[in-house]
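# Analysis of the macromolecular model
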Amino acid sequence: MSTDKSKEEFLKEISNLNKKIQQLETDLSNTREKADISNRLKSMFLANISHEIRTPMNGIIGMYNVLKQTELTDVQREYLNIINLSGNNLLTIIDDILDLAKIESGQLELEHNIFSLKNELNHVITLLKDKAKGKGIELFYKTSPEIPDSLIGDQTRLKQIIINLANNAIKYTKEGSVSIEIELLNLKNNIAELKLSIIDTGIGISHEDKEKLFKAFSQIDSSTTRKYGGTGLGLAISKHLSSLMNGNIGVDSVVGKGSTFWFTAHLEVDSVIDTPSETKLTKGHKEQKERLSILLVEDNLLNQKFASATLRKEGYNIDIAENGKIALEKYKNNNYDLILMDIQMPVMDGIEATKEIRAIEDKNNIKDKIKIIAITAYVIEKDRKMCLTAGMDEYLAKPFKPKELIDLIDYVM
Ligand code: ADP
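Residues numbered from 1 in each chain as written. Predicted model: local features only at pLDDT ≥ 70, side-chain atom pairs only at ≥ 80, totals over all residues. Heavy atoms only, no water.

### Side note on the overall build of the chain
Let me state the cut-off plainly: Per the convention used, a helix needs a DSSP run of H or I reaching at least four residues, while a strand needs a run of E reaching at least two, with both numbered from the N terminus. Think of it in three bands: with a 1.4 Å probe and only protein chains considered, a residue is buried below 20% of the maximum accessible area for its type, exposed above 50%, and partly exposed in between. When checking whether two residues touch, look at their non-hydrogen atoms; a contact exists if any pair is within 4.5 Å. In these tables, accessible area is a Shrake-Rupley quantity obtained with a 1.4 Å probe, and a residue counts as shielded only by the protein chains included in the view.
Assigned secondary structure in the chain consists of 13 helices and 12 strands. Classification of the 413 residues of the chain by burial places 45% in the buried group. By sequence separation, contacts in the chain at least 24 residues apart represent 71% of the contacts at least 6 residues apart. In the form shown here, the chain has an accessible surface area of approximately 22700 Å², with 54% of it arising from carbon and sulfur atoms.

Laid out in structure tokens, this is it:
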């Protein structure tokens, strides 16, 4: 009898325990859901606030570029350079936070574009060569003939990883070289697995310190931050981006000898064989520029002044339209090679104007379509997509440096 009772009690206890476990599971799932929601809200907030900060930064950096072209004393020029340096540092931080927020809130999606790997690598070298040269460091890339050049994927994000790693390599190298090497690990079913290694002859990283890398806000020690600056976000972002490309990231390093940061990526091979246009980047030489005529569509007077001064200095012919409607009229009556199109404008915005231009081209069966570059403070992915779906060829986020604009024009033309 007594054993039966204890069995009954035992079963009751198990049933109570089961109920408690179920309750705990529900609580846990609710808490997790709440944590997920608040994490997503935090990321959305960060994405929005970063966007808002970019707009006034546009004014600061834009004014720097206008002021720089006026007559200044040496002391004033020095102060102005500090403003520029700080502004640019702040922008890099904002961009990194924005990227991380987008990754964490799942808003970052990769694009599928056809691109030439060599063109992208040339672009990276163009962007970083002055920095390397300034430190007396050799910068180059190596690729081999078996690597397919025409690929399908997100070239901007691929380039972002390479730039992050190569920038670090230059930053942490005093003398010697930084090279970017590409290997083909696998080619199956039209998917190429590439390994990109960024090899430097810099300060190197110890075994214990390697553990700390690739985590957000992680730097090896605070003295590194003081000496070299940085937020510790670059590697974390690169890791996320390479995993979005079904790849990995890692480092091999010897203290005092140098580091090799590498990452892998899976990219589709463009089956329509097209020979890479290696000449694309070198096309932007002076004689060509003098013949290029550009329509700048911008309502803000300050931005108009800054962009047109930058472009005229490069030898381009510039015409200006204050809004999309005027731009459309000018497009109909002139023969431009390129349009730089602001997005937010009164009367007719950049998106609508671009759609109208593309519609005219389609209606008249024009094959050689005019290049349109969007120039805007919008940096959220969906706005970027909106520009590209409207028919724009490229995209430059404000505030930009004169060199970024010139490089992009060279690239597009
Ligand atoms: P940041 O450069 O903004 O500090 P990263 O995430 O790009 O952030 O890098 C994190 C840390 O990794 C750096 O602070 C530095 O200590 C170390 N590091 C990155 N790249 C190199 C390199 N090529 N050589 C030596 N140390 C490096």
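### Section: the sheet that holds strand β9 (residues 317-321)
What counts is decided by this rule: Pairing between strands is defined by DSSP: at least two bridges between the two strands are required. All axes here are fitted lines through C-alpha atoms, helices being fitted over the stretch that makes contact, and every angle between N-to-C directions spans 0 to 180 degrees.
Here we have five strands laid out as an open sheet, ordered β9-β8-β10-β11-β12, and parallel in their pairing. The two strands at the open ends of the sheet, each matched to only one other strand, are β9 and β12 (394-397). Pairs of neighbouring strands in the sheet enclose a mean axial angle of 20°, with direction left out of account. Inspection of the sheet shows strand β8 (residues 293-297) paired to β9 by five bridges, in the parallel sense. Residue pairing for β9: Leu 295 is matched across the bridge by Asp 319.

### Describing the nonpolar core
Soluble globular proteins tend to bury their nonpolar side chains together. Here is the rule: We call a set of buried Ala, Val, Leu, Ile, Met, Phe, Trp, Tyr and Cys residues a nonpolar core when their side-chain atoms join them within 4.5 Å.
Judged by nonpolar contacts, the single largest core of 44 residues is most densely connected at Leu 117, Leu 158, Ile 162, Leu 194, Ile 198, Phe 261 and Phe 263. Among the elements that take part in this core, helix α4 (residues 155-171) stands out by supplying eight residues, more than any other. Not counting residues within four places of it along the chain, the set of residues in contact with Leu 158 comprises Phe 115, Leu 117, Met 245, Phe 263, Ala 265 and Leu 267. Counting residues in each nonpolar core, the second largest holds 23 residues, with Val 297, Ala 321, Tyr 336 and Ala 397 among its members.

### Quick word on helix α13 (residues 402-412)
For α13, the tally of buried residues reaches eight of 11 residues, placing the bulk of the element in the interior. Every buried residue of α13 is accounted for by Leu 405, Ile 406, Asp 407, Leu 408, Ile 409, Asp 410, Tyr 411 and Val 412.

### Quick look at the pairing of β12
Of the two faces of β12, the one carrying Glu 394 and Leu 396 and the one carrying Tyr 395 and Ala 397 are both buried. Bridge analysis of strand β11 (residues 371-376) against β12 gives four bridges, and the strand direction is parallel. Paired with Ile 375 across the bridge in β12 is Leu 396.

### Concerning a nonpolar patch on the surface
The test is simple: Residues forming no salt bridge and having over 30% relative accessible area are the ones grouped into patches, like charges within 9 Å of each other and nonpolar side chains (Val, Leu, Ile, Met, Phe, Trp, Tyr) within 5 Å. Definition used for salt bridges: Asp or Glu carboxyl oxygen within 4 Å of a side-chain nitrogen of Lys or Arg.
Taken together, the side chains of Phe 10, Leu 11 and Ile 14 define a hydrophobic patch exposed on the protein surface, amounting to about 300 Å² of accessible area. Residue position: Leu 11 is located in helix α1 (residues 2-68).

### Overview of the pattern of salt bridges
Taken as a whole and assessed by the stated rule, the structure comprises 10 salt bridges. The salt bridge partner of Asp 209 is Lys 212, with a shortest N-O separation of 3.3 Å. A salt bridge links Asp 362 to Lys 369; its shortest N-O distance comes to 3.3 Å.

### Examining the environment of Phe 214
Tracing the backbone through its elements, the reader meets Phe 214 in the loop between α5 (207-210) and α6 (222-228). Since its relative accessible area comes to 15%, Phe 214 is described here as buried. Separated by 18 residues in the primary sequence, Phe 214 and Gly 232 have C-alpha atoms spaced 8.4 Å apart. With residues up to four places along the chain from it excluded, the contact list for Phe 214 reads Leu 235, Ala 236, Lys 239, Ile 249, Gly 250, Val 251 and Phe 261.

### Concerning the environment of Ser 243
Quick note on the threshold: Polar contact is defined as a pair of N or O atoms within 3.5 Å, subject to the rule that within protein one atom must be able to donate a hydrogen and the other to accept it, and that residues adjacent in sequence are counted only when both atoms are side-chain atoms.
Along the chain, Ser 243 turns up in helix α7 (residues 234-244). Look at Ser 243 and you get partly exposed, because its relative accessible area is 43%. Along the primary structure Ser 243 and Phe 263 are separated by 20 residues, whereas in three dimensions their C-alpha atoms are 9.3 Å apart. Only 3.1 Å separates the side chain of Ser 243 from the backbone oxygen of His 240, close enough to count as a polar contact.

### Examining the packing of helix α3 (residues 117-134) against α13
Put simply, the rule is: Every angle not falling under 35 degrees, over 145, or within 65 to 115 is termed oblique; those three ranges are roughly parallel, roughly antiparallel and roughly perpendicular. By convention, the crossing between two helices is left-handed when the near helix turns anticlockwise from the far helix through less than a right angle, and right-handed when the turn is clockwise. Side-chain classes follow a simple rule in which Ala, Val, Leu, Ile, Met, Phe, Trp, Tyr, Cys and Pro form the nonpolar group, Asp, Glu, Lys and Arg form the charged group, and the remainder, Gly included, forms the polar group.
Interhelical geometry of α3 versus α13 gives an angle of 155° and a closest axis separation of 12 Å. It follows that α3 is roughly antiparallel to α13 by the angle criterion. When the axes of α3 and α13 are compared, the crossing they make is right-handed. Contact with α3, carried on its side by Glu 120, His 123, Thr 126, Leu 127 and Asp 130, involves Lys 403, Asp 407 and Tyr 411 of α13 and no other residues of that element. Residues that form the contact of α3 with α13 fall into these classes: two nonpolar, two polar and four charged.

### Comments concerning the packing of aromatic side chains
Basically, it comes down to this: Centres within 6.5 Å make a pair out of two Phe, Tyr or Trp rings, where for Trp the six-membered ring is used; the pair is then stacked when the planes are under 30 degrees apart, edge-to-face when over 60, and tilted otherwise. Look at NZ for Lys and CZ for Arg. If either is within 6 Å of the ring centre and within 35 degrees of the ring normal, a charge sits over the ring.
Within the structure shown, the criterion is met by one aromatic pair. Judged by centre distance (6.2 Å) and plane angle (65°), the rings of Phe 214 and Phe 261 are edge-to-face. Of this pair, Phe 214 sits in the loop between α5 and α6 while Phe 261 sits in strand β7 (residues 258-269); the two residues are 47 residues apart in sequence, bridging distant segments of the chain. Assigned by exposure class, Phe 214 and Phe 261 land together as buried. Taking the ring centre of Tyr 411 as reference, the NZ or CZ of Lys 159 above it sits at 5.2 Å. Its guanidinium or amino end placed over the ring of Trp 262, Lys 195 lies 5.1 Å from that ring's centre, counting from NZ or CZ.

### Some remarks on the confidence of the model for the chain
Filter applied, for reference: The predictor attaches a confidence to each residue, called pLDDT, with possible values from 0 through 100.
Overall, the prediction assigns the chain a mean pLDDT of 85, with 89% of residues at 70 or greater. Across the chain, strand β5 (residues 191-200) holds the top mean pLDDT of 97, while helix α8 (residues 286-291) sits lowest at 54. Residue range residues 273-287 is modelled with pLDDT below 50. Its contacts to residues more than four positions away, or to other chains, number 22 contacts.

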